[in-house]
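What the coordinates show
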Amino acid sequence: MTDVTRLTLAEARDALQSKKLSATELTQAHLSAIEKARALNAYIVETPDQALAMAKASDEKLAKGQGGPLEGIPLGIKDLYATKGVHTQSCSHILDGFKPAYESTVTSQLWRDGAVMLGKLNMDEFAMGSSNETSYYGPVASPWLPKGRDGAWARQQLAGDKKGLLVPGGSSGGSAAAVAAHLCLGATASDTGGSIRQPAAFTGTVGIKPTYGRCSRWGMVAFASSLDQAGPIARTVRDCAIMLRSMAGHDPKDATSIDAPVPNYEESLGRSIKGKKIGIPKEYRVEGMSAEIEKLWSDGIAFLKAAGAEIVDISLPHTKTALPAYYIVAPAEASSNLARYDGVRYGLRVPGKDISDMYEKTRRAGFGSEVRRRIMIGTYVLSAGYYDAYYVRAQKIRTLIKRDFELAYAQGIDAILTPATPSAAFGIGEKGSADPVEMYLNDVFTVTVNMAGLPGIAVPAGLSADGLPLGLQLIGRPFDEETLFSIAGVIEEAAGRTVLPQAWW
Amino acid sequence: MNAAAKPSKLIKGATGDWEIVIGMEIHAQVTSQSKLFSGASTEFGGDPNDHVSLVDAAMPGMLPVINEECIKQAVRTGLGLKAQINLRSTFDRKNYFYPDLPQGYQISQFKSPIVGEGVVIVDVTPTEQITVGVERLHLEQDAGKSLHDQSPTDSFVDLNRSGVALMEIVSKPDMHSADEAKAYVSKLRTILRYLGTCDGNMEQGSLRADVNVSVRRPGEPLGTRCEIKNVNSIRFIGQAIEVEARRQIGIIEDGGKIDQETRLFDPGRGETRSMRSKEEAHDYRYFPDPDLLPLEFDQTFVDDLARGLPELPDEKKARFMRDYGLPAYDAGVLVMERASADFYEEIAKGRDAKAAANWVINELFGRLNKEGLDITASPVSAAQLGAIVDLIGEGTISGKIAKDLFEIVWMERGADPRALVEERGMKQVTDTGAIEAAVDEIIAANPDKVEQAKAKPTMLGWFVGQVMKQTGGKANPQSVNDLLKRKLGI
């Protein structure tokens, strides 16, 4: 075997089980790849000692034939997951030096099943962003290169301010970049408005946001509690299915997690989708949609038709209200969730002349501008006199959006197909500096899914004219991730696995 | 609209009569092993930050999970207040920054509380009863405590109380005097203690009151109210209302206006003073807590809890009046504490219930109060006091001797009253021969008094006293009376 980092998670698992490969060897290969890829800034913390210790333990288990479903599989962990004794800051300066004394439910389940932690992944600060540029630790460079640029040019940019290189998307930008650059076999991510699906689409990887309540939020640094959901990013649909099975499950420590059995998602791969009804919502055909996105979408429709699915035109009439309503609900919850970062108990503290002064100085220094903006928006929309006009109306809209989907599913629709993003990846420093809404528009196809609490998967389905990956999104019925995996598998096969970039870094 | 005060409740100002209007928010700590949304202990005391979970300290990524026992306690309390139980309620976040509030918000129930309207029947005096409406009862988290006296430069925070479950019981503005307010709190505390849902311990802060006071001319609309925060004794509640009402009347009579504000009662100075200015007025930005689903349960859950409720003070009082023939006042005093009522019943069963009530209320309670003891710490047991009542009833000892006996039993814990009477020769003399001898002796020794008594029969008392003295108080007073009357011919 030449480069084991090129294996898919499923291939590596099989090689480990059949003892053709050791976990230590596999982990070591990833650690070396991470070291060489530091300039991409995907990992903000590397945990080689821990990784090798875990790999060693996995090898012992594998030798005895006692390995778990993820035994010896090296993964990257998004920085918002609490990892015991390891840097956990949601890439914010306000959590400066914070190392929790506890492990998030999702990551403990991964370790329970034998996975190996390589390190913590970069992300937008508190998961607020669509390009990974709001991270306190700086932007992540996508392994994909802009058209006409070569490795030599790109290495120069990496050494500088990274301008002109492509964003990996966000907020799970580190996760997507690490997976696409073969710096792990899969990564945990999280999705509040599109933070798994958009970066997956930008990097030619697969990402699924499961149904709200499918994974425990316990130990995930909260952004917007009613929207946040954990999920994986990996290189194939199958790899996502394998990871999600370990990540999902009921947790009595999270009152919003659902007590329902977790299926073996991998088994849904390869299932026939003949006769499945696929809804095509007309409202997602937004004004000014580029020809390449139109083509991507119609290619997707053709793939599914060819596999025997029935294509049905549907209407989700409240779609266009989702983004503005999302930008009320999410900041409102965030403004309250982030109140605990006050300099009193942990993280950053900037001394002040009295308690208010300490609060103000600490939060001013600790939060980046996008986070401050959202705290201010959230505080405003919850204020006396504005609450009914903003928050209450946004909640009503949310109910209507949910009902749109319910009506579609009541018609017998099994899943809904849309583009994942309005465009391919853009350049670092290119968007949102003048008008933050420009950046927010990235989430236009994904936020509806969070607002309705539904599962959504992004799967690569083609390349743009510039040779950059484009993804399609499938939206499912509540807790029917299995159907999404089946259908996504069909698209993946029809479109052909994306050929990820060779290492130029 | 609340009922108007009786004229006797009005207070005189310089320019005429004023009526006080009082409403109260009582914060009652729920009796439970662990906190409202975490598994940490609710035990009082301990070193600072001994009882703090990751949730209480608001560590990143921590989530609240509701403690079912606290929900049951709130429902039980609602049932005890004859209140509407809401099968669906929601939790909201009340947002503000304070070092003893780790989350930066308090989880409370703002829009849909678990308990709706109810009533409390309050005995203000033995003859005066009022009904105070309960507006709502909701569950919320307590905050921690800031400690400012540990260091000259820094403040410290103790999170032991952070997250402890409180029931906020909001009354309607149905009270019109300090006495009514005090009686309401006292009655509410009695109900909570009966239910076992709050220990009612005001010194430890398990029960605190925010008192809303306003004044108005009789018959006029409600005046502007001030809220006196965190008053922690019934006596202080009374004092705070008195001084606050006087303050408001003074301002209005001087042509001023009352500012709606939060005030603090300073018992040392006997005054209330403003806590925070209007510029610092909080906008709490309430919104539904997205970490908690709406709280829903069915009527069966409520019915099961209702079946498990103990007899409550009002019902117990009615039963005491009916079954034991007690006057309302006696019954009311006996049911104030569940333990006292139980103590009384143990004595009253199969005995003269009225005599038992007198002994419990007058002798036992009197003595306990004097020593500052609780009924559960009474040196005289129900069995012992029952034996004393028996001894009187049988005519074995006189009422006067019984008081001496009570004192001996009090001092010599565990002694058997019946044995004591035997050992110490305290038995009442009912042997008419012995009494007659004493009577004869007194009559023979006092011929002048005999003459006087014949003219003035009230002199009989003097003879009774002499005979009792002669017999060491042990003679049966009835026999003494009868014999004296016969022998003196009156």
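Because the structure is predicted, anything quoted here is derived from the model rather than measured. (Residues numbered from 1 in each chain as written. Chains lettered and ligands numbered in written order. Predicted model: local features only at pLDDT ≥ 70, side-chain atom pairs only at ≥ 80, totals over all residues. Heavy atoms only, no water.)

Attention now moves to the nonpolar core. If you look at the biggest cluster of nonpolar residues, it comprises 173 residues, and the most contacted ones within it are Phe-126, Leu-183, Phe-405, Leu-417 and Phe-485 of chain A. At 10 residues, the largest contribution of residues to this core is made by helix H10 (residues 319-337) of chain A. Not counting residues up to four positions away in its chain, the partners in contact with Leu-417 of chain A are Ile-278, Gly-279, Ile-280, Pro-281, Trp-297, Gly-300, Ile-301, Leu-304, Leu-472, Gln-473, Leu-474 and Ile-491 of chain A. Core analysis: the second largest hydrophobic core is formed by 110 residues, Met-24, Ala-240, Phe-365 and Leu-385 of chain B among them. (Core = buried A, V, L, I, M, F, W, Y, C linked by side-chain atoms within 4.5 Å. Buried < 20%, exposed > 50% of the residue type's maximum accessible area, 1.4 Å probe, protein only. Helix = DSSP H or I, 4+ residues; strand = E, 2+ residues; numbered from the N terminus. Contact = heavy atoms within 4.5 Å.)

This brings us to the layout of surface pockets. To find leftover empty space, a probe the size of one water molecule is rolled over the atoms. Volume-wise, the second largest pocket comes out at about 1,300 Å³. Ser-226, Gln-395 and Arg-398 of chain A together with Pro-288 and Pro-294 of chain B are, among the 46 residues lining the second largest pocket, the residues nearest its centre. Those elements that provide at least two residues to the lining of the second largest pocket are helix H13 (388-410) and helix H15 (447-452) of chain A together with strand S15 (287-288) of chain B. Ranked by residue count, the leading element in the lining of the second largest pocket is H13 of chain A, at 11 residues. Grouping the amino acids of the lining of the second largest pocket by side-chain chemistry returns 24 nonpolar, 10 polar and 12 charged. (1 Å grid on protein atoms, 1.4 Å probe; cavity = no way out; pocket = protein on both sides within 12 Å on 5 of 7 lines; lining within 4 Å. Points joined across faces, edges and corners; volume = space filled by probe spheres on them. Nonpolar A, V, L, I, M, F, W, Y, C, P; charged D, E, K, R; others polar.)

Another point: the interface of chain B and chain A. The partner chain A presents 36 residues to the 29 residues of chain B that form the contact. Of the roughly 2,700 Å² buried at the junction of chain B and chain A (both faces included), carbon and sulfur atoms supply 60%. On the chain B side of the interface with chain A, the three residues burying the most area are Pro-60, Phe-97 and Arg-285 of chain B, jointly 22% of the side's total. Remark: the boundary between chain B and chain A carries 1 salt bridge. At the boundary of chain B with chain A, the tally comes to 16 residue pairs in polar contact (both at pLDDT 80 or more). Those elements that place two or more of their residues in the side of chain B that touches chain A are strand S4 (92-95) and S15 of chain B. Here the residues of the side of chain B that touches chain A are counted per class, giving 21 nonpolar, 4 polar and 4 charged. (Buried area = accessible area lost by both parts, 1.4 Å probe. Salt bridge = Lys/Arg side-chain N within 4 Å of Asp/Glu carboxyl O. Polar contact = N/O pair within 3.5 Å; in protein donor to acceptor, adjacent residues only side chain to side chain.)

Let us now look at the environment of Ile-249 of chain B. Residue and element names in this part refer to chain B. Within the element layout of this structure, Ile-249 appears in helix H3 (residues 234-253). Remark: the alpha-carbon pair of Ile-249 and Leu-63, spanning 186 residues in sequence, is separated by 48 Å. Leave out the neighbours within four places in its chain, and Ile-249 touches Ile-11, Gly-13, Trp-18 and Val-215.

Turning our eyes to something else, we now look at the environment of Arg-349 of chain A. Residues and elements named next belong to chain A. Structurally, Arg-349 can be placed in the loop between H10 and helix H11 (355-366). In this structure, the C-alpha to C-alpha distance between Arg-349 and Ala-365, residues 16 residues apart in sequence, is 8.9 Å. Aside from chain neighbours lying at most four places away, what touches Arg-349 is Gly-343, Val-344, Met-358 and Thr-362. Polar side-chain contacts of Arg-349 include one of 2.6 Å to the backbone oxygen of Gly-343.

What follows covers the sheet that holds S4 of chain B. Spatial ordering of the open sheet is given by S5-S4-S15 (chain B), a layout of 3 strands whose pairing is antiparallel. At either margin of the open sheet sits one strand with a lone partner, and together these are strand S5 (105-108) and S15 of chain B. Here S4 of chain B pairs with S5 of chain B via 4 bridges, running antiparallel. Bridge pairing in S5 of chain B links Arg-93 of chain B to Ile-107 of chain B. Contacts from H10 of chain A reach S4, S5 and S15 of chain B within the one sheet, and its direction differs from that of S4 of chain B by about 60°. (Pairing = 2+ DSSP bridges. Axes fitted to C-alpha atoms, helices over the stretch in contact; angles between N-to-C directions.)

What follows covers the domain arrangement of chain B. Many authors give the size of an interface as the accessible area that is lost as the parts come together. For chain B, the assigned domains read domain 1 (21-304), domain 2 (311-423) and domain 3 (432-488). The C-alpha-based centres of domain 1 of chain B and domain 3 of chain B are spaced at 65 Å. (Domains from an automatic or database assignment.)

All names here are of chain B. Bridge count for strand S11 (residues 207-216) against strand S12 (residues 226-231) is 4 bridges, and the pairing is antiparallel. Pairing of Val-213 across the sheet is with Cys-226, part of S12. Bridge analysis of S12 against strand S13 (residues 262-266) gives 3 bridges, and the strand direction is parallel. Paired with Glu-227 across the bridge in S13 is Thr-262.

Residue and element names in this part refer to chain B. The residue Asn-212 is located in strand S11 in this model. Here Glu-25 takes part through its side chain, which lies 3.5 Å from a polar atom of the side chain of Asn-212. When near neighbours in sequence (up to four residues on either side) are disregarded, Asn-212 contacts Val-21, Ile-22, Gly-23, Glu-25, Arg-225, Cys-226 and Glu-227.

Take the packing of aromatic side chains next. Scanning all chains against the criterion turns up 31 aromatic pairs over all chains. For the pair Tyr-327 of chain A and Tyr-440 of chain A, a centre-to-centre distance of 3.9 Å together with 10° between the ring planes defines the contact as stacked. Pair noted here: Tyr-327 of chain A is in helix H10 and Tyr-440 of chain A is in helix H14 (residues 436-440), with a separation of 113 residues, a long-range link. Of the two residues, Tyr-327 of chain A and Tyr-440 of chain A, neither departs from the other in class, the shared state being buried. Where Phe-320 of chain B meets Tyr-344 of chain B, the ring centres are 5.4 Å apart and the plane angle is 55°; that geometry is what we call tilted. Within this pair, whereas Phe-320 of chain B is found in helix H5 (residues 313-324), its partner Tyr-344 of chain B is found in helix H7 (residues 338-348), the two being separated by 24 residues in sequence. (Phe/Tyr/Trp six-rings, centres within 6.5 Å; stacked < 30°, edge-to-face > 60°.)

All names here are of chain A. Across the sheet, which stays open at both edges, the 11 strands sit in the order S1-S3-S2-S4-S6-S5-S10-S11-S9-S7-S8 with mixed pairing between neighbours. Of all the strands in the sheet, the pair left with one neighbour each is strand S1 (43-46) and strand S8 (310-314). Neighbour-to-neighbour, the strand axes of the sheet open up by a mean angle of 30°, direction not taken into account. With 5 bridges joining them, strand S2 (residues 74-78) and strand S3 (residues 116-121) adopt parallel strand pairing. Looking at the pairing, Ile-77 lines up with Lys-120 of S3. The strands touched by helix H4 (residues 105-112) within the sheet are S2, S3, strand S4 (186-191) and strand S6 (229-234), with S2 carrying the most contacts at an inclination of about 175°.

What follows deals with the pairing of S13 of chain B. Residues and elements named next belong to chain B. The buried count for S13 comes to 4 of 5 residues, which makes it a mostly enclosed element. A crossover connection joins S12 to the parallel S13 through H3; in handedness this β-α-β unit is left-handed. In this structure, S13 lies alongside strand S14 (residues 271-274), joined through 4 bridges in antiparallel fashion. If you follow Leu-264 over to S14, its bridge partner there is Arg-273. If you look at the hairpin formed by S13 and S14, you'll find 4 residues sitting between the two strands, and Gly-270 has a positive phi there, around 65°. (Right-handed = clockwise from strand over helix to strand, strands pointing away.)

Where nonpolar side chains cluster on the molecular surface, the patch consists of Tyr-380, Tyr-386 and Tyr-390 of chain A and spans about 270 Å² of accessible area. Following the sequence through the fold, Tyr-386 of chain A ends up in the loop between helix H12 (369-382) and H13. (Patch = residues over 30% accessible without salt bridge, like charges linked within 9 Å, V, L, I, M, F, W, Y side chains within 5 Å. Areas by Shrake-Rupley, 256 points an atom, 1.4 Å probe, with all protein chains shown as cover.)

Before going further, it helps to examine the packing of helix H14 (residues 460-470) of chain B against helix H15 (residues 477-488) of chain B. Residues and elements named next belong to chain B. At a minimum axis distance of 10 Å, the contact between H14 and H15 shows a crossing angle of 125°. Viewed along their axes, H14 and H15 adopt a mutual orientation that is oblique. When you trace H14 past H15, the crossing you get is right-handed. Contact residues: Leu-460, Phe-463, Val-464, Val-467 and Met-468 in H14; Pro-477, Val-480, Asn-481, Leu-484, Lys-485 and Leu-488 in H15. Counted by class, the contact of H14 with H15 contains 9 nonpolar, 1 polar and 1 charged residues. (Parallel < 35°, antiparallel > 145°, perpendicular 65-115°, else oblique. Left-handed = near helix turned anticlockwise from the far one by under 90°.)

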